[in-house]
Amino acid sequence: MLRNLALFKNPISQLNFKSWFRVAKADSTPAVLSRRHIYILPTRFGLIFGFLLFGMLLGSMNYSLSLGFALTFLLAGVGHAAMLHTWRNIAHLQLKLQCFQPTFAHEPLHAELIVSDNKGRQRTGVLLHFECTPEIGFSQLIDIPAFGEARVKLAHSTHQRGTLKPERIKVYSEFPLTLCHAWAYVQLESTAIIYPALSQLDNTPTSTQDTNVDSNNSNVASHQSGNEDFSGHKAYQVGDNLKKINWKASSKLDDSEFGTPNLLLKQFEGLSANCLIFEWAQTAGLTHEARISLLTRWVVEASEANRAFALNIPQLNIAKNSGNAHLHACLNALALMP
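Residues numbered from 1 in each chain as written. Predicted model: local features only at pLDDT ≥ 70, side-chain atom pairs only at ≥ 80, totals over all residues. Heavy atoms only, no water.

Caption draft 1: The overall build of the chain, seen in detail. Tallying secondary structure elements over the chain gives 6 helices and 18 strands in all. Looking at the chain alone, contacts between residues at least 24 apart form 66% of all its contacts between residues at least 6 apart. Surface accessibility of the chain: about 20,100 Å² in total, with carbon and sulfur atoms responsible for 57%. (Helix = DSSP H or I, 4+ residues; strand = E, 2+ residues; numbered from the N terminus. Contact = heavy atoms within 4.5 Å. Areas by Shrake-Rupley, 256 points an atom, 1.4 Å probe, with all protein chains shown as cover.)

Laid out in structure tokens, this is it:
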């Protein structure tokens, strides 16, 4: 009550009528669209249908047409039944956020949702979209089987790097006759990490060699992962190259070795290109955000080239490594820089 009274004390520009709608929120369980969260109004076709029925009623009364009364009330009953089915089409739906797919700033953030039914009703023509994204994509249309579920991917707009709390989701339907528009809002409590936007500059690192140097300051090539000589095995970790898995050796392992899953990767050793070292000082002369974007581009290009690299930024040094896990660790650090 106090919150509503405060709205009247603020300027009109701060008044957002959408904030008055009840929002279904997810706690430890999926968000449920209960009766108090669903709103319904006639569509443009529904208003035309209503005026048509009113005209038919006046004509039947004026000319005392029994068949006119029968047709009018029959159509009114159809409209009333359509309104009930439109409301029931989204009532008691359950929504659960499955995951966010990593993305860069100014690119759409894709979220995977699970929409399920536990009332034994076939749901047809349900549409969903984030409230902020009608301009970047169409609403996703799904059908949900009785006691089943459907997976849907929604797009959310992004504007800057860092953590993002997604806006609420609008769920709506006009099934079966598009005479009524029933809708509800859902707020899923979660956050996503938005990576910095890739720089458009052509700058290349001023120093990309390993820091291993001898007493004469000459570069010394370091032993790194290459394709020359087989040197042994190591346990598989998420993000490692699947092409290097030794399936024959892995099949002979028992559960006590190398942890779970029991997969071994071949290791090769040889003189390969020096590790790339990306330093914060290499981007001097640019603005703070431009420096972060440039480092992001270098990190992504090095990963695409299957090069090992290290990242040194203020208050954090990430040791040289390679693979998807290492790439996302570096991008995450750059995204959360102050």
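Additional details are given in the paragraphs that follow.
Caption draft 2: Here's a closer look at the nonpolar core. Among the nonpolar cores identified, the biggest contains 32 residues, and Leu 93, Leu 128, Ile 169, Val 171 and Val 186 are the most heavily contacted of them. Breaking this core down by element, the ones donating at least two residues are strand E4 (94–101), strand E6 (109–116), strand E7 (123–130), strand E8 (140–144), strand E9 (149–156), strand E11 (169–173), strand E12 (180–187) and strand E13 (192–195). In terms of residue count, the dominant contributor to this core is E6 (4 residues). Apart from residues lying up to four places away in sequence, Leu 93 is in contact with Ala 31, Val 32, Leu 33, Val 115, Ser 116, Arg 123, Val 126, Ile 144 and Val 171. If you look at the next biggest cluster of nonpolar residues, it comprises 23 residues, including Ala 302, Cys 330, Ala 333 and Leu 334. (Core = buried A, V, L, I, M, F, W, Y, C linked by side-chain atoms within 4.5 Å. Buried < 20%, exposed > 50% of the residue type's maximum accessible area, 1.4 Å probe, protein only.)

Caption draft 3: Focus on the packing of helix H5 (residues 288–304) against helix H6 (residues 324–335). Here H5 crosses H6 at 175 degrees, and the two axes come no closer than 10 Å. In terms of orientation, H5 and H6 fall into the roughly antiparallel class. Contacts from Ile 292, Leu 295, Thr 296, Val 299, Val 300 and Ser 303 of H5 reach H6 at Leu 327, Cys 330, Leu 331 and Leu 334. Of the residues assigned to the contact of H5 with H6, the class counts are 8 nonpolar, 2 polar and no charged. (Axes fitted to C-alpha atoms, helices over the stretch in contact; angles between N-to-C directions. Parallel < 35°, antiparallel > 145°, perpendicular 65-115°, else oblique. Nonpolar A, V, L, I, M, F, W, Y, C, P; charged D, E, K, R; others polar.)

Caption draft 4: Expanded view of the sheet that holds E13. Strand order in the open sheet formed by 3 strands is E5-E13-E10, with mixed pairing between adjacent strands. Both edges of this open sheet fall to strand E5 (103–104) and strand E10 (162–164), since each of them pairs with a single strand only. Pairing of E10 with E13, which is carried by 3 bridges, proceeds in the antiparallel orientation. Looking at E13, one finds that Thr 163 is bridged to Ile 193. The sheet strands contacting H6 are E5, E10 and E13, and the helix crosses E13 at an angle near 90 degrees. (Pairing = 2+ DSSP bridges.)

Caption draft 5: Representation of the packing of aromatic side chains. Inspection of the entire model under this criterion finds 5 aromatic pairs. Geometrically, the ring pair formed by Phe 69 and Phe 73 is stacked, given 6.4 Å between the ring centres and 15 degrees between the ring planes. Taken together, the residues span about one helical turn, with Phe 69 and Phe 73 both in helix H3 (residues 66–90) at a distance of 4 residues. Note on Phe 69: relative accessible area 26%, which makes it partly exposed. Aromatic side chains Phe 278 and Trp 298 sit 5.9 Å apart centroid to centroid with 35 degrees between the ring planes, which places their arrangement in the tilted category. In this pair, Phe 278 sits in strand E16 (residues 276–279) while Trp 298 sits in helix H5, placing the two residues 20 residues apart along the sequence. (Phe/Tyr/Trp six-rings, centres within 6.5 Å; stacked < 30°, edge-to-face > 60°.)

Caption draft 6: Representation of the pairing of E11. Among the 5 residues that make up E11, 5 are buried, leaving the element largely enclosed by the rest of the structure. Here E11 shows no split at all, with Ile 169, Val 171 and Ser 173 on one side and Lys 170 and Tyr 172 on the other all buried. Across 4 bridges, E7 lies against E11 in antiparallel orientation. Across the sheet, residue Phe 130 finds its bridge partner in E11, namely Ile 169. Across 5 bridges, E11 lies against E12 in antiparallel orientation. Directly across from Tyr 172, in E12, lies its bridge partner Trp 183. Between the end of E11 and the start of E12, which pair antiparallel, lie 6 residues, with Thr 178 showing a positive phi angle near 55 degrees.

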